[in-house]
Amino acid sequence: QVRLVESGGGLVQPEGSLRLSCVASGLSFTLSFMRWFRQAPGKQRELIAGISSAGTTDYADSVKDRFTISRDNAKNTVYLQMNSLKPEDTAVYYCNTPTSPTWGQGTPVTVSS
């Protein structure tokens, strides 16, 4: 039913930027609260950003003022703009909606010089 496809990750140097995308299908995207999670090696999955159907956003303290979540309802896509990246941002990044247990494959981000 619900399908989530993340993309945009890669290898980037500290202080660099990346833009992640998540294309959703099988849900009423316009009405869905969308979230970005990440999971670093040896750590639990961490909620880092969320955006409501109305466009209200919220961020974890670890990424606030560096990351920006946005959505394009016409494209059924949620984005995560990541600036001023740090080595501790290295993780696999996933999108998710709380109404479905579905997870995509994730997109890996490695921040290293």
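The structure under discussion appears in the preceding block.
Chemist: Just checking my understanding: could you explain the pairing of strand 5 (residues 46-51) for this structure?
Modeler: A regular strand places its side chains on the two faces of the sheet in alternate fashion. Inspection of the sheet shows strand 4 (residues 34-39) paired to strand 5 by five bridges, in the antiparallel sense. Following the sheet pairing, Arg38 is matched in strand 5 by Glu46. Taking the residues between adjacent antiparallel strands as the criterion, strand 4 and strand 5 are bridged by six residues, where Gly42 takes a positive phi near 75°. With three bridges joining them, strand 5 and strand 6 (residues 57-59) adopt antiparallel strand pairing.

Chemist: What is the right way to look at the packing of aromatic side chains in this model?
Modeler: For any pair of aromatic rings, the description rests on two quantities: the centre-to-centre distance and the angle between the ring planes. Inspection of every chain in the model, using the stated rule, returns two aromatic pairs. By the ring-pair criterion, three or more aromatic residues cluster together here, those being Phe37, Tyr94 and Trp103. Just above the ring of Tyr79 sits the side chain of Arg19; from NZ or CZ to the centre is 3.9 Å. Above the face of the Phe37 ring, Arg45 is positioned so that its terminal group lies 5.3 Å from the ring centre.

Chemist: For this particular structure, what's the right way to read the environment of Ser7?
Modeler: Looking at the secondary structure, you find Ser7 in strand 1 (residues 3-7). Taking the C-alpha atoms as reference points, Ser7 and Tyr79, 72 residues apart in sequence, are found 9.7 Å from one another.

Chemist: Would you explain the state of the cysteines in this entry?
Modeler: Structurally, a disulfide amounts to a covalent bond that connects the sulfur atoms of two cysteines. In total, this model carries one disulfide according to the counting rule given. With its sulfur 1.8 Å from that of its partner, Cys22 forms a disulfide with Cys95. Its S-S torsion of approximately 50° makes the covalent link between Cys22 and Cys95 right-handed. Within this pair, whereas Cys22 is found in strand 3 (residues 18-25), its partner Cys95 is found in strand 9 (residues 91-96), the two being separated by 73 residues in sequence. Neither residue differs from the other here; Cys22 and Cys95 are each classed as buried.

Chemist: Sorry if this is basic, but what is going on with the side chain of Ser52 here?
Modeler: Assignment of secondary structure puts Ser52 in the loop between strand 5 and strand 6. Non-local contacts of Ser52, meaning those with residues more than four positions away in its chain, are made with Phe33 and Arg71.

Chemist: Would you mind showing me how to read the sheet that holds strand 6 here?
Modeler: The strands making up a sheet are joined through hydrogen bonds of the backbone, oriented either antiparallel or parallel. Judged by pairing direction, the sheet is mixed, and its six strands sit side by side in the order 2-10-9-4-5-6 without closing on themselves. Two strands lie at the open edges of the sheet, namely strand 2 (10-12) and strand 6, each paired on one side alone. Neighbouring strand axes in the sheet, compared pairwise and without regard to direction, differ in orientation by 20° on average.

What counts, and at which threshold
Residues numbered from 1 in each chain as written. Predicted model: local features only at pLDDT ≥ 70, side-chain atom pairs only at ≥ 80, totals over all residues. Heavy atoms only, no water. Pairing = 2+ DSSP bridges. Helix = DSSP H or I, 4+ residues; strand = E, 2+ residues; numbered from the N terminus. Phe/Tyr/Trp six-rings, centres within 6.5 Å; stacked < 30°, edge-to-face > 60°. Lys NZ or Arg CZ within 6 Å of the ring centre and 35° of its normal. Disulfide = S-S within 2.5 Å. Buried < 20%, exposed > 50% of the residue type's maximum accessible area, 1.4 Å probe, protein only. Contact = heavy atoms within 4.5 Å. Axes fitted to C-alpha atoms, helices over the stretch in contact; angles between N-to-C directions.

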